[in-house]
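Understanding the architecture of this molecule
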Amino acid sequence: MACVHRVLPVRGVLLGLSLLAGVASCAVAPSYPKDRVVEGLLTLLQEAHVRATVTFVDHTVGVQVHQPEMLLQAEGQVGMGSQFDTVVGDTVQAIHRVILSSDADIRFYAVVVSDPGLPGLYVHLVRYMDDIRRANASMIGPEELFARTVLDLQTVEPPPAAPQPPENIRLEEFLSWQAAKRIQQALIEELELSGQVVVGRCLGQFTDGEFAFTLNVNPSTQEKPLDDTTLQQVFQTSTSVVTEVLANYRFENFNAVRLIHPITGRHLLLPRAQLDLVIKRP
């Protein structure tokens, strides 16, 4: 990935999509059996005039949307085009309708949005279906559902073939992506807005039982490096976010969490036993 732009807010459309689902799953026979998931979703998208391809691998449905007026770019920022709200809204509504009316064990869906007018720019959206069901049951609110939505803008130069939605997403992968997004947002709110630091894209991954998060936090000026107090706050905030995410999902199938600050080479390793009391909270 050559570079990453800041993406303008898309909160409005996503907050409005938390309850877009029917209750057809209560019917005796599913409206969209496992072998008709792709066909059924394509039909709904075509009826909504959404140009898309659909994949269904193991527990993940992927949708790739490529059409004009989805994105716009101005002064180094990328935002929603005139058709973004309508097309993404119709796409997510169709996905919810099919998955919640199917007997297939679908746990995640991923949407990749691109615009022929801005080659190489892609908006990735990933959601966990249990979060959608919790939102429908008013167990979590729209703001929390938005926070649990992995939303990422990626750009590659020169643009290669359009990236495919991820296949067979695992919960630990999804949690690493979500936690990285929430860490970045928390660091922006706590440190960047006050001018103390500049926060870039934070990354998360899960490998061999360990969550690893790269904290892209830089000094606001080259003349003044990050002091130990600020770096300690970076680690403390990041730790709080990670434990909160793991607690939300009662996720215990890991050995450790590692926080990495590349420009100083500092690491913080948190064994699972150190986090158990928080993760297993009632």
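Residues numbered from 1 in each chain as written. Predicted model: local features only at pLDDT ≥ 70, side-chain atom pairs only at ≥ 80, totals over all residues. Heavy atoms only, no water.

Here's the deal with the overall build of the protein
Assigned secondary structure in the protein consists of 8 helices and 14 strands. Relative to its full complement of 282 residues, the protein shows a buried share of 45%. For the protein, the proportion of contacts with a sequence separation of at least 24, taken over those separated by at least 6, is 66%. Accessible area of the protein: about 13800 Å², with a carbon and sulfur share of 51%. (Helix = DSSP H or I, 4+ residues; strand = E, 2+ residues; numbered from the N terminus. Buried < 20%, exposed > 50% of the residue type's maximum accessible area, 1.4 Å probe, protein only. Contact = heavy atoms within 4.5 Å. Areas by Shrake-Rupley, 256 points an atom, 1.4 Å probe, with all protein chains shown as cover.)

Let's talk about the sheet that holds strand β13 (residues 256-261)
Picture the strands of a sheet paired through backbone hydrogen bonds; they go either parallel or antiparallel. An order of β10-β11-β13-β14 is seen for the 4 strands of this open sheet, with the pairing classed as mixed. Among the strands making up the open sheet, the edge pair consists of β10 (203-207) and β14 (266-271). In this sheet, neighbouring strand axes are inclined to one another by 15° on average, regardless of whether the strands run parallel or antiparallel. Of the strand pairs in this sheet, β10 and strand β11 (residues 210-214) are connected by 5 bridges, and their pairing is antiparallel. Following the sheet pairing, glycine 204 is matched in β11 by phenylalanine 213. (Pairing = 2+ DSSP bridges. Axes fitted to C-alpha atoms, helices over the stretch in contact; angles between N-to-C directions.)

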